[in-house]
Amino acid sequence: MIGFEPKIIGFLCNWCSYEGADAAGRARKAYPAGLRVVRVMCSGRVDSQFILEAFKEGADGVMILGCHPGDCHYKEGNLQMLKRYVILKRVLSQFGIEEDRLKLDWISAGEGDKFVKIVCEMTERMRQLGPLPR
Amino acid sequence: MTEKPKIALYWCSSCGGCEESVIDLAEDLLTVAAAVDIVFWPVALDFKYKDVVAMNDGEITATLINGAIRTGEQEHMAKIMRKKSKLLIAHGSCAHLGGVVGLANFYQREDLLSRLYQEVPTTNNPQGILPQHETIESGRKIKLPDIHDTVKALDQVVEVDYYIPGCPPTPELIKEAMMMVLENRLPPRGTVLAGKKALCDTCPRIDSKPDKLRIKKFKRIYETEWDPEKCFLDEGIICLGPATRGGCNARCINANMPCRGCFGPTDNVRDQGAKSSSFLASIIDVTDKEALKKTADSIPDPGGLFYRYGLASSILKGKLTPKSS
């Protein structure tokens, strides 16, 4: 699709992933501008309703980034999100939202490079899928 | 003699169970009937559309509409009833949230029509005729109500004053709603006339619910025999009690069946399906990704389960499709 720049909502946890994004910024790394970051205290805070609302309001993709398993500031908030994510993905496919449009991954505070890589990959995949019809 | 309050009842896209729930008032129906004038009730009494159209605006004290809005005729009647009534009450899950008929929103209208009229093995339709809005029969034009692309809850078409939830609502709730209208003690506009807390909170089996539920595999009810005294979730049977408004007297639980969510979400929740899926996720006792996927896959139709009564009024409202048609 010509001229299509995907909009991606990223929910980043305060303790690891947001720091990781910050690390990418401090290192002057470039990544696609279509990502809109929402900082949350924990990936486990991301209510399934937030994700549906994001898709409804115009997101082509939604990313949730949290601490690596075992590193969660609240012990297991990220694992709660993982469980929610696996079930929600199945529900989303019934809504006609392709699996790849929702992504959960782990970024630590030091992984600025990984953050950039994930955002680039996600944006590229959304370009392939095209805008989410609504 | 002072004039009695006028009450009307109408049905849209529904199964008729809500009409039945009015009859379930039993002797109380006589009390209600004595206190009011029923001016329109197509399923039970012989009134014509023109009788309602001839009434003044706001002449009817309260109208109960059950059923979702799926055809042009239903939308037209909903608008007429709105105009003629001081209070419009959504009666039952379909009017309240879209109900079971709202599940059609997971499909496109054309797919549903061709499935029903052409593909179903028992359909005998060699010419493959689909229902038409207008058709010429022996030189005469015949019209059928047009079927909408999406099923809507009543409040997506007209303003609704109150909601009586349930599939169908309990006679107690209908009676209480009627009495609220007659005795003029109505809560703030927009209130769902049922419990405020989740069903789980008032469940007769609440004491058998452990502090921490841990489920490795979800079972379907035909796969297992379960203890009629114990919390369904603890047995691995999906029950939507934690994400569903209470006030139903736990009818299903008392009949030894798990909750399916017909009372809709509580006041603080926008999307019952999203909440159901996330509370269910939280009790899964597996975090290994492969095992987790297997557990999730043991729910055969998650969308249909979590949105059984509320798809039409959920955040996404149905399957996302390009708006070209």
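Residues numbered from 1 in each chain as written. Chains lettered and ligands numbered in written order. Predicted model: local features only at pLDDT ≥ 70, side-chain atom pairs only at ≥ 80, totals over all residues. Heavy atoms only, no water.

**Quick look at helix α2 (residues 48-56) of chain A**
When α2 of chain A is considered as a whole, its buried residues turn out to be Ser-48, Gln-49, Ile-51, Leu-52, Ala-54 and Phe-55 of chain A. Elements that come into contact with the buried residues of α2 of chain A comprise β1 (8-13), β3 (61-66), α3 (77-94) and β4 (102-106) of chain A together with α10 (272-282) of chain B. Its side-chain oxygen at 2.8 Å from the backbone nitrogen of Gln-49 of chain A, Asp-47 of chain A defines the N-terminal cap of α2 of chain A. Downstream of α2 of chain A by a residue or two, Gly-58 of chain A has a phi angle that is positive, lying close to 125°. (Buried < 20%, exposed > 50% of the residue type's maximum accessible area, 1.4 Å probe, protein only. Helix = DSSP H or I, 4+ residues; strand = E, 2+ residues; numbered from the N terminus. Contact = heavy atoms within 4.5 Å. Polar contact = N/O pair within 3.5 Å; in protein donor to acceptor, adjacent residues only side chain to side chain.)

**Things to note about the packing of α3 of chain A against α10 of chain B**
One way to put it is that α3 of chain A packs onto α10 of chain B with a least axis distance of 8 Å and a crossing angle of 130°. By the angle between their directions, the pair α3 of chain A and α10 of chain B is classed as oblique. The interaxial crossing formed by α3 of chain A with α10 of chain B has right-handed handedness. Contact with α3 of chain A, carried on its side by Gln-80, Lys-83, Arg-84, Ile-87 and Leu-88 of chain A, involves Ser-277, Ser-278, Ala-281 and Ser-282 of chain B of α10 of chain B and no other residues of that element. Residue composition of the contact of α3 of chain A with α10 of chain B, grouped by class: three nonpolar, four polar and two charged. (Axes fitted to C-alpha atoms, helices over the stretch in contact; angles between N-to-C directions. Parallel < 35°, antiparallel > 145°, perpendicular 65-115°, else oblique. Left-handed = near helix turned anticlockwise from the far one by under 90°. Nonpolar A, V, L, I, M, F, W, Y, C, P; charged D, E, K, R; others polar.)

**Some words on the packing of aromatic side chains**
For the structure shown, the criterion picks out eight aromatic pairs over all chains. Between Phe-95 of chain A and Phe-106 of chain B the ring centres are 5.2 Å apart and the planes differ by 65°, which places this aromatic pair in the edge-to-face class. Placement of the pair is Phe-95 of chain A in the loop between α3 and β4 and Phe-106 of chain B in the loop between α5 (93-97) and α6 (109-119), with the two residues belonging to separate chains. Judged by relative accessible area, which is 9%, Phe-106 of chain B ranks as buried. (Phe/Tyr/Trp six-rings, centres within 6.5 Å; stacked < 30°, edge-to-face > 60°.)

Just geometry here; none of it tells us what the structure is for.
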